[in-house]
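# Structure assessment
Single-letter residue listing:
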Amino acid sequence: MRFLVLTGLSGAGKTAAARYLEDMGAFCVDNLPPMMMFKFIEACETSAMSHKLVAIAVDVRGAEFFNARDVSRVIEEARQLGYHIETLYLEAAEDVLVSRYKETRREHPLAVGRLSLTEALAREREMLQPLRETADHLIDTSALKPRQLQKKLQAIVDAEGTVSAMRVEIISFGFKRGLPRQADLVYDVRFLPNPFYMEELCRHTGQDADVRDFVMNHPVTEAFMEKLKDMVSFLLPHYHEEGKRRLVVAIGCTGGAHRSVAIAEALGRYLTDLGLETSVNHRDIELEQAHWKASEGG
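Residues numbered from 1 in each chain as written. Predicted model: local features only at pLDDT ≥ 70, side-chain atom pairs only at ≥ 80, totals over all residues. Heavy atoms only, no water.

Bringing the overall build of the chain into the picture now. Per the secondary structure count, the chain includes 10 helices and 9 strands. Relative to the compact-globule value of 19 Å for 298 residues, the chain shows a C-alpha radius of gyration of 21 Å, a close match. Along the first, second and third principal axes, the C-alpha atoms of the chain reach 60 × 45 × 35 Å. Residue burial in the chain is summarised as follows: out of 298 residues, 47% are buried. (Helix = DSSP H or I, 4+ residues; strand = E, 2+ residues; numbered from the N terminus. Rg over C-alpha atoms; globule rule 2.2 N^0.38 Å. Buried < 20%, exposed > 50% of the residue type's maximum accessible area, 1.4 Å probe, protein only.)

Dropping the structure here:
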């Protein structure tokens, strides 16, 4: 039996996520006090439940019963006893959360007394940080449509095997569209030679061999990659020792289609060769390609 602790910011979509998980066959429990989590997990394991996945939603609605560090402790103790338990953390940008609260006209769970909505959101982020840092899955719902959220949840449900000791997610992006909110580490590669200014390369991406070779074969890139590999290799065991189960590394250039893509792909191959579970995503490639097409009038 798999257990999925569903947590994150109020307004980020936990209710919708729980509904989708139920549709996928999960048994869902909402707003369970941390002090009851371990007993509940034990009861599920010893029962005759037919569900293969149990989702447990915990968050600041638990008021005085909720403490993120208590939740983290219960999760770690359950893992040490052999239970298959993962954490899914949902978040969204502050302006998106504020907009959602204005639309629903609901009160934030922490917006009591003199706290404004923005103050409550900031307080909630601080309270939940221990869970965010150790989350196995992190989803930013700021720009997600319901179907996109459903697909991400389906991928988590369909995943088999035990939770890996450390997962590394690499994201390429363009600074002109802002930093990825979920990033733990951000590397700026705008100092590298830029293929955008070469006519034969500007409409290709870092996934194409000509752009990749242009970027990677420069001496400055070779020196940078050695330092980047050394730094990430040094950091990973220390993050793991602190209980971090996933690390998001963001690589940024100007538009997010050339240099950052080539470097992200190279780092992904390196970490995969080390035996780490690694994924590489390119946030802004499609946006850049659409921009190129529009600028050509096509």
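From this point, the discussion proceeds with the structure in view.
Here we come to the environment of Arg79. If you trace the backbone, Arg79 turns up in helix H3 (residues 68-80). Along the chain, Arg79 and Glu103 lie 24 residues apart, while their C-alpha atoms are 39 Å from each other.

Turning our attention to the layout of surface pockets. Within this model, the largest pocket holds a volume of roughly 1500 Å³. Taken together, 41 residues form the lining of the largest pocket, with Leu138, Lys152, Glu169, Gln182 and Asn281 sitting closest to its centre. Of all the secondary structure elements, the ones that give two or more residues to the lining of the largest pocket are strand E4 (84-91), strand E5 (137-140), helix H6 (146-158), strand E6 (167-174), strand E9 (277-282) and helix H10 (285-295). Grouping the amino acids of the lining of the largest pocket by side-chain chemistry returns 15 nonpolar, 11 polar and 15 charged. As a volume, the second largest pocket reaches approximately 690 Å³. Along the wall of the second largest pocket there are 26 residues; nearest its centre are Gly11, Ala12, Gly13, Lys14 and Thr15. Breaking the lining of the second largest pocket down by element, the ones donating at least two residues are helix H1 (14-23), helix H4 (94-104) and H6. The element that contributes the greatest number of residues to the lining of the second largest pocket is H1, accounting for 6 residues. Among the residues forming the lining of the second largest pocket, the class breakdown is 11 nonpolar, 6 polar and 9 charged. (1 Å grid on protein atoms, 1.4 Å probe; cavity = no way out; pocket = protein on both sides within 12 Å on 5 of 7 lines; lining within 4 Å. Points joined across faces, edges and corners; volume = space filled by probe spheres on them. Nonpolar A, V, L, I, M, F, W, Y, C, P; charged D, E, K, R; others polar.)

Our focus in this paragraph is the confidence of the model for the chain. In low-pLDDT segments, the atomic positions of the prediction should not be examined closely. Mean pLDDT for the chain: 89, with 97% of residues reaching 70 or above. Element-level pLDDT for the chain is lowest in H10, with a mean of 86, against a maximum mean of 97 in strand E7 (residues 185-188). (pLDDT = per-residue confidence, 0-100.)

Most peptide bonds take the trans configuration, and most residues that are not glycine carry a negative phi. One non-glycine residue, Asn31, lies in positive phi territory at about 55 degrees. Inspection of the secondary structure puts Asn31 in the loop between strand E2 (27-30) and helix H2 (34-46). Residue classification places Asn31 among the partly exposed positions, given a relative accessible area of 28%.

Turning our attention to the environment of Gly82. Assignment of secondary structure puts Gly82 in the loop between H3 and E4. Along the sequence, Gly82 and Leu236 sit 154 residues apart, while their C-alpha atoms lie 24 Å from each other.

On to the pattern of salt bridges, then. Going through the model one piece at a time under the given rule, you end up with 15 salt bridges. As a salt-bridge pair, Glu277 and Arg167 come within 3.7 Å of each other at their nearest N and O atoms. On the criterion of sequence distance, the pair formed by Glu277 in strand E9 and Arg167 in strand E6 is long-range, its members being 110 residues apart. Glu277 gets classed as partly exposed once you look at its relative accessible area, which sits at 43%. Relative accessible area serves as the criterion here: at 15%, Arg167 is assigned to the buried category. Residue Arg283 pairs with Asp284 through a salt bridge whose shortest N-O separation is 2.9 Å. Exposure remark for Arg283: the relative accessible area of 32% places this residue in the partly exposed category. Given the relative accessible area of 2%, Asp284 is considered buried. (Salt bridge = Lys/Arg side-chain N within 4 Å of Asp/Glu carboxyl O.)

Our next topic: the side chain of His282. Of note, His282 is situated in strand E9. Looking at His282, its side chain comes within polar contact range of the side chain of Ser172, at 2.7 Å. Once residues within four sequence positions are removed from consideration, His282 is found in contact with Ser172, Gln207, Val261, Ala264 and Glu265. (Polar contact = N/O pair within 3.5 Å; in protein donor to acceptor, adjacent residues only side chain to side chain. Contact = heavy atoms within 4.5 Å.)

We now examine the sheet that holds E5. Sheet strands pair via backbone hydrogen bonds, and the direction of the pair is either parallel or antiparallel. Taken together, the 5 strands give an open sheet; going across it, the order is E2-E3-E1-E4-E5, and neighbouring strands pair in parallel fashion. Taken across any chain shown, the strands that pair with only one partner, and hence form the sheet edges, are E2 and E5. Taken over all neighbouring pairs, the strand axes of this sheet differ in orientation by 20 degrees on average, direction set aside. For E2 and strand E3 (residues 53-57), the ladder comprises 4 bridges, and the chain directions are parallel. Bridged to Asp30 within E3 is Ala57. Docked against the sheet, H1 engages strand E1 (2-8), E2, E3 and E4, running at close to 160 degrees with respect to E1. (Pairing = 2+ DSSP bridges. Axes fitted to C-alpha atoms, helices over the stretch in contact; angles between N-to-C directions.)

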